[in-house]
Amino acid sequence: MTTTAQSRTAPLVEVGRWLIRATAPVLWPLAGSVLFRHVYFAAAAALLGVGAGAIASLAVDGPTPAWLPGTVWTLIGVLAGLTLVKAVAGYLEHFLGHWVAFKALELLRVRLYRALVPLAHQAARNASSGDLLTRATKDVDRIEVFFAHTLAPAVTAVTMPALVLAVMGPQVGGPAALAAGVGLGLSVVVVPALGVRASQRGADAANARRGEIAQHVTDSVQGMSEVTGYGHVDRRLEETASLDEALQADGAVRGRWAVAREGAAQAVSLATLPAVVAAGASSGADLVPLAAFTAMVWALFDATAGVRGFAGTLDASMAAARRVHQIAVTAPDVADPPTPVPVPAGSLGVRVEDVDYAYPSEAEARATALAGITLEVPAGSHTALMGASGSGKSSILRLLARHDDATAGTVALTGAEGAVVPVSAVALEDLRTATHYVTQQTTLFRGSIAENLRLSAPRAGDDRLWEALEAAQLAEAVRERGGLDTEVGEQGRRLSGGQRQRLGVARAVLARPRVLLLDEYTSHLDPETAAAVRAGLRAALPEATIVEATHTSAGLDAADQVVVLDAGRIVACGRPEDLKRGGPLARLIARETDRA
Ligand SMILES: Nc1ncnc2c1ncn2[C@@H]1O[C@H](COP(=O)(O)OP(=O)(O)OP(=O)(O)O)[C@@H](O)[C@H]1O
């Protein structure tokens, strides 16, 4: 898929902002999750602090701490209460965090699918279905981490130490508080940052590699007969294995840095606790608050572990977010005009004026597919575009269907009283209602004949479906196979190539277009069936304007006008009977006869 330069280089901050915008509806529950995490760590720190303070008091005051009113039962009650609060807050934090994560996944998937709709033609042209599938499923799943395990740990890792230092600092004195602050600061800021860039690069590479693997496997499965038929099984397997090895190598970088971060964090916490005790003792801090404070600092290292945890997975999650974001911000090749003009009423003709076209390509230079094409197709007439393979016939049809816009010149629909409306000026949906494009490959979905037919006319009754099948010369075959409920199989594999093509023709009849664009639509049919399909289609849509791409002379007599193309240029144009007498069309027909 072609992407904008902006999306390729989108900085993390931009991706993060996009994620937050995309998931705005879940931000309040997310705030709730952050709040409960605070309560959880406050209870955890207080639990250890009260416990350690009580033990220290034993040495100083006897069985009941002087700072705690009442008996030892009060102490037990406080500890039990804190445990309960900690458990409930922990549960609610996780519950809300995961609820938010799943809801966010839903919102992101919807955004991704919405972004894909206008990109459909680009996606189809570039045909990286496996990679798109990975983005729509695995990548979106990986973003879950951002919501479930990122924001709450990041906030609490900073606020909780600050809170405890503010409350307990005055009790234990500056040196102990400073020692704790330095240790916790290292744990929150320095340790998680170790190797972040290298891990991010590894995660980006690993995610892209997963897309390649998915594409490779999809290609292998779809081309199973070619792979086995040409004896490429071992080679395909080796390629998959080498992609897998590359994926392991990308993952190893992240693994090494994760281990390094964990080791550094343990070292920092082990060094901090004795440092706090030593600093407190040397500055004359009281034993009881110092013991409580040290225990609380120990609990707080748990809060900082959350930052390390997400630093390990955030890179993978942000790399996935970047790939999804890339699709969301990709500018479609064609979009609705800001103020669409209506398609003229009544029958429509087609006008192409001085059109140049080049397919977008990754390389700087775009290869020219069409140059200086000028063509008039009167309403209700039939024009055949004829030329060798690669001469530009399909490219003209794609521009008429507005799968892309011409690089120069105008492609327009013409109506009564001289109305001329460029296809780029009408709403895409209106254009797709007025025109219908039967492509070289009819796309069929797993389902019944009826379901596949109703793609172009969702409300059509069975009678209309049968009429369309009759026009396409397919009714008899469908009756023999068991009727409209017959399953066509994955990608229509249970039908022959010619039957798939005729199903495409039946869909066109059902769509009742005013302009019908046909691309080699009888190429899989024997001459008699092809002629019957042509006649059936014309009889079913007597007023439609037809523009047909063909590389054979069969059926040319049905055309009012023949346009002969060579290397993207028109080399002859006129009535079939005139052109057949000599010139480029006569030469094409002679070559065809020689081959036969
Ligand atoms: N998706 C694409 N990306 C880049 N170039 C393309 C693409 N599709 C077609 N082309 C190029 O554009 C030129 C015209 O192709 P086009 O498909 O219009 O020819 P055609 O006459 O319809 O051929 P055929 O009879 O084989 O279908 C060719 O040089 C082709 O290689």
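Residues numbered from 1 in each chain as written. Predicted model: local features only at pLDDT ≥ 70, side-chain atom pairs only at ≥ 80, totals over all residues.

The name an unreviewed UniProt entry gives the chain is ABC transporter ATP-binding protein, with Micrococcus lylae as the organism. Its UniProt record gives the chain a comment under Subcellular location (unreviewed entry), which states: "Cell membrane". (UniProt positions renumbered as here; feature names shortened; annotations may be inferred.)

### Looking at the overall build of the chain
What the chain contains, in helices and strands, is 22 helices and 10 strands. Taking all 596 residues of the chain together, 40% fall into the buried category. Excluding contacts between residues fewer than 6 apart, the proportion of contacts in the chain whose partners are at least 24 apart in sequence is 81%. (Helix = DSSP H or I, 4+ residues; strand = E, 2+ residues; numbered from the N terminus. Buried ≥ 20, exposed ≤ 12 C-beta atoms within 10 Å, placed from the backbone. Contact = placed C-beta atoms within 7 Å.)

### Considerations on helix α4 (residues 72–116)
Under the 1.5 Å per step criterion, the end-to-end length of α4 is 65 Å for 45 residues, consistent within 8% with the ideal 66 Å. Restricting attention to buried positions, one finds in α4 the residues L82, A89, E93, L96, G97, V100, A101, A104, L108 and L112. (Expected span 1.5 Å × (residues − 1).)

### Overview of the sheet that holds strand β4 (residues 408–414)
Hydrogen bonds between backbone groups are what pair the strands of a sheet, and the pairing can be parallel or antiparallel. Spatially, β2-β1-β4-β5 is the arrangement adopted by the 4 strands of the open sheet, whose pairing is antiparallel. The strands lining the two open edges of the sheet, one partner per strand, are β2 (368–377) and β5 (420–422). Each adjacent strand pair in this sheet contributes to an overall mean axis angle of 30°, direction not counted. Alignment of strand β1 (residues 349–358) against β4, held across 6 bridges, turns out to be antiparallel. Along β4, the bridge assignment pairs G349 with T414. Strand contacts of helix α14 (residues 393–400): β1, β2 and β4, with the helix running at about 115° to β1, the strand carrying the most contacts. (Pairing = 2+ DSSP bridges. Axes fitted to C-alpha atoms, helices over the stretch in contact; angles between N-to-C directions.)

### Some details on the environment of V167
Of note, V167 is situated in helix α8 (residues 151–172). With 126 residues separating them in the primary sequence, V167 and F293 have C-alpha atoms 9.9 Å apart.

### Considering the packing of helix α17 (residues 462–471) against helix α19 (residues 497–511)
Their axes nearest at 8 Å, the elements α17 and α19 cross at an angle of 125°. In terms of orientation, α17 and α19 fall into the oblique class. For the pair α17 and α19, the crossing hand works out as right-handed. Contact residues: R464, A468, L469 and A471 in α17; A506, V509 and L510 in α19. (Parallel < 35°, antiparallel > 145°, perpendicular 65-115°, else oblique. Left-handed = near helix turned anticlockwise from the far one by under 90°.)

### What about the site of the ligand?
Near the ligand, the surroundings consist of 14 residues, among which Y359, A369, S389, S394 and S395 are the closest. At 3 residues, α14 tops the list of elements feeding residues into the shell around the ligand. Classifying every residue of the shell around the ligand by side-chain character gives 4 nonpolar, 8 polar and 2 charged. (Near = placed C-beta within 6 Å. Nonpolar A, V, L, I, M, F, W, Y, C, P; charged D, E, K, R; others polar.)

### Description of the UniProt feature "transmembrane region" (unreviewed entry) in the chain
On the UniProt side, "transmembrane region" (unreviewed entry) is annotated at positions that read residues 39–60, 66–85, 145–168 and 174–194 here. Structurally, residues 39–60 comprises 100% helix and 0% strand, and the distance from its first C-alpha atom to its last is 31 Å. Taken end to end, residues 174–194 is 95% helix and 0% strand, and its first and last C-alpha atoms sit 29 Å apart.

### With respect to the nonpolar core
Of all hydrophobic cores here, the largest spans 71 residues; its most connected members are A45, A176, M296 and L300. Ranked by the residues each element gives to this core, the list is headed by helix α13 (residues 287–328), at 21 residues. Here M296 is in contact with A45, L48, G49, V164 and M168, once residues within four sequence places are set aside. V426, L518, I546 and L565 belong to the second largest nonpolar core, which has 70 residues in total. (Core = buried A, V, L, I, M, F, W, Y, C linked by C-beta atoms within 7 Å.)

### Remarks on the pairing of strand β6 (residues 435–438)
The side-chain alternation of β6 yields two buried faces, one formed by T435 and Y437 and the other by H436 and V438. As paired elements, β6 and strand β7 (residues 515–519) share 4 bridges and run parallel to each other. Across the sheet, residue Y437 finds its bridge partner in β7, namely L517.

### Description of the packing of helix α10 (residues 196–222) against helix α12 (residues 233–282)
Taken N-terminus to C-terminus, the directions of α10 and α12 make an angle of 160°; their axes are 9 Å apart at the nearest point. By the angle class used here, α10 and α12 are roughly antiparallel. Helix-helix and strand crossings are classified by hand; for α10 and α12 the assignment is left-handed.

### A word on the confidence of the model for the chain
The predicted coordinates should not be examined in detail at positions where pLDDT is low. Looking at the chain, the pLDDT average stands at 85 and 92% of residues meet or exceed 70. Across the chain, α17 holds the top mean pLDDT of 96, while helix α1 (residues 5–8) sits lowest at 42. (pLDDT = per-residue confidence, 0-100.)

### What to know about the pairing of β7
Among the 5 residues that make up β7, 5 are buried, leaving the element largely enclosed by the rest of the structure. Both faces of β7 are covered, namely the face carrying V515, L517 and D519 and the face carrying L516 and L518. Looking at chain direction, β7 and strand β8 (residues 545–550) are connected through 5 bridges and run parallel. Bridge assignment links L518 to a residue of β8, and that residue is E548. For the segment spanning β7, helix α20 (residues 527–540) and β8, crossover handedness is right-handed. (Right-handed = clockwise from strand over helix to strand, strands pointing away.)

### Details of the sheet that holds β6
Strands sit in the order β6-β7-β8-β3-β9-β10 across an open sheet of 6 strands; the sheet is mixed. Sheet topology places β6 and β10 (569–574) at the edges, where each strand pairs with a single neighbour. Between one strand axis and the next, the sheet turns through 15° on average, direction left out of account. Summarising the sheet, strand β9 (residues 561–566) and β10 pair through 5 bridges and their orientation is antiparallel. Counterpart to V563 in the pairing with β10 is C573. Sheet contacts for α19: β6 and β7; angle to β6, the most-contacted strand, approximately 180°.

### Here's the deal with the environment of P584
One can find P584 in helix α22 (residues 583–595). With 16 C-beta atoms packed within 10 Å, P584 lands in the partly exposed category. A sequence separation of 18 residues divides P584 from D566, and the C-alpha atoms of the two residues are 9.0 Å apart. Setting aside chain neighbours within four positions, we find P584 in contact with V564, D566, V571 and A572.

### Section: α19
Over its 15 residues, α19 extends 21 Å from the first C-alpha to the last, a length consistent with the 21 Å expected when each residue adds 1.5 Å. Of all 15 residues in α19, 13 are buried, a share of seventy percent or more.

### Looking at unusual backbone geometry
A positive phi angle, near 45°, is found at R512, a position not held by glycine. Among the secondary structure elements, R512 is positioned in the loop between α19 and β7.

### Side note on the environment of E543
Relative to the elements of secondary structure, E543 occurs in the loop between α20 and β8. Between the alpha carbons of E543 and G346 there is a distance of 9.8 Å; along the sequence they are 197 residues apart. Contacts of E543, omitting those with residues within four sequence positions, involve S347 and G380.

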